[in-house]
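Overview (structure and organization)
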Amino acid sequence: MAVKDRDRFSTATRLRLLGEQTAARVYRSQTKRQARRSRLTGRAALLALVLCSLIVALAYPIRQYVSQRAEIADMERQKQQAKERVEQLRDLKARWQDDAYAAQQIRQRLHYVMPGETGYVVIDPDAAKQSRADRGAAHRPWYSNVWDGVDKSDASDQ
């Protein structure tokens with residue numbers, strides 16, 4: 001034990017212990033300093049900066065892409081509607097090529113009758129009442145009729 005006690009009090013041993021204690025204190029202070037440091041490192045900040053710049057750089061082209069896709073879809077819808085309209089007009093043209101259809105339309109629209117038939121025109125009773133109301137306008141001055149017409153057209157727009 002005497003050798004152990006002597007080693008314990010030797011200068012080399014004391015210096016070694018003193019160095020270990022100092023190293024432990026320095027290590028503890030470094031870990032406390034690191035714990036206080038924010039978790040955002042330089043690499044993380046650079047990564048965040050690169051991601052933000054990519055988002056900003058790609059925002060406008062992506063917006064343009066989406067709007068152009070919407071325009072393309074709208075144009076395709078209009079194209080389909082135009083095709084349907086062309087088909088309807090072709091069908092109508094083919095019908096008008098038939099003499100029976102043309103005769104039927106002429107009789108219906110122009111009120112023509114075939115020889116030997118009697119034609120009748122049925123008048124709507126509401127239309128007759130309106131025409132009687134207009135007869136009263138003949139006894140008024142012309143400018144009153146004009147203003148009444150303006151008022152009627154204005155009321156029909158609303």
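Scope of this entry: the structure provided in the associated data block. (Residues numbered from 1 in each chain as written. Predicted model: local features only at pLDDT ≥ 70, side-chain atom pairs only at ≥ 80, totals over all residues. Heavy atoms only, no water.)

**Side note on the overall build of the protein chain**
Looking only at helices and strands, the protein chain features six helices and zero strands. Shown N-terminal to C-terminal, the secondary structure of the protein chain runs as helices and strands in the order α-α-α-α-α-α. When each of the 158 residues of the protein chain is scored for burial, the buried share is 3%. Accessible area for the protein chain stands at about 15,200 Å²; split by element, carbon and sulfur atoms hold 58% of it. (Helix = DSSP H or I, 4+ residues; strand = E, 2+ residues; numbered from the N terminus. Buried < 20%, exposed > 50% of the residue type's maximum accessible area, 1.4 Å probe, protein only. Areas by Shrake-Rupley, 256 points an atom, 1.4 Å probe, with all protein chains shown as cover.)

**Side note on the packing of helix α3 (residues 42-97) against helix α4 (residues 99-110)**
One can describe the packing of α3 onto α4 by two numbers: an axis separation of 5 Å at closest approach and a directional angle of 90 degrees. For the element pair α3 / α4, the angle class is roughly perpendicular. In this structure, α3 uses Leu92, Arg95, Trp96 and Gln97 to contact α4, whose residues at the interface are Asp99, Tyr101, Ala102, Gln105 and Arg109. Split into classes, the residues belonging to the contact of α3 with α4 amount to four nonpolar, two polar and three charged. (Axes fitted to C-alpha atoms, helices over the stretch in contact; angles between N-to-C directions. Parallel < 35°, antiparallel > 145°, perpendicular 65-115°, else oblique. Contact = heavy atoms within 4.5 Å. Nonpolar A, V, L, I, M, F, W, Y, C, P; charged D, E, K, R; others polar.)

**Brief notes about α4**
The end-to-end C-alpha distance of α4 is 16 Å, a good match for the 16 Å that twelve residues give at a rise of 1.5 Å each. Looking only at α4, the buried set comprises Tyr101, Ala102 and Gln105. For α4, the angular spread of buried residues about the axis comes to 100 degrees, placing them on one side. Facing away from the buried side of α4 by more than 90 degrees, the exposed set consists of Asp99 and Ala100. Among the structural elements, α3 are those in contact with the buried residues of α4. Two residues or fewer after α4 comes His111, characterised by a positive phi angle close to 60 degrees. (Expected span 1.5 Å × (residues − 1). Arc of directions from axis to C-beta.)

**Side note on unusual backbone geometry**
Excluding glycine, residues mostly carry a negative phi; peptide bonds, for their part, are mostly trans. Phi is positive for His111, which is not a glycine, with a value near 60 degrees. On the secondary structure map, His111 appears in the loop between α4 and α5 (125-135). According to the relative accessible area criterion, His111 is exposed, its value standing at 60%.

**What to know about the packing of aromatic side chains**
Counted by the stated rule, this structure contains two aromatic pairs. Centroid distance Trp96 to Tyr101: 5.4 Å. Interplanar angle 85 degrees. Geometry classified as edge-to-face. Since its relative accessible area comes to 35%, Trp96 is described here as partly exposed. Taken together, a centroid distance of 5.8 Å and an interplanar angle of 80 degrees make the contact between Trp142 and Tyr143 edge-to-face. Look at Trp142 and you get exposed, because its relative accessible area is 64%. Judged by relative accessible area, Tyr143 falls into the partly exposed class, the value being 46%. (Phe/Tyr/Trp six-rings, centres within 6.5 Å; stacked < 30°, edge-to-face > 60°.)

**Remarks on α3**
An α-helix turns once per 3.6 residues; consequently, residues spaced three or four apart project the same way. Between the first and last C-alpha of α3 there are 82 Å, a value that for 56 residues agrees with the 82 Å anticipated at 1.5 Å per step. When the local axis directions of α3 are compared, the greatest deviation, roughly 35 degrees, occurs at Ala59, which is followed within four positions by the proline Pro61. (Bend = angle between axes of the 7 residues up to and from the residue.)

**Section: a nonpolar patch on the surface**
Together, Leu46, Leu47, Leu49, Val50, Leu51, Leu54, Leu58, Ile62, Tyr65 and Val66 give the surface a local cluster of nonpolar side chains, amounting to about 1,000 Å² of exposed area. Mapping Leu51 onto the fold places it in helix α3. (Patch = residues over 30% accessible without salt bridge, like charges linked within 9 Å, V, L, I, M, F, W, Y side chains within 5 Å. Salt bridge = Lys/Arg side-chain N within 4 Å of Asp/Glu carboxyl O.)

**Here we look at the side chain of Gln105**
Examined against the element boundaries, Gln105 turns out to sit in helix α4. The contacts of Gln105, once residues within four sequence positions are left out, are Trp96 and Leu110.

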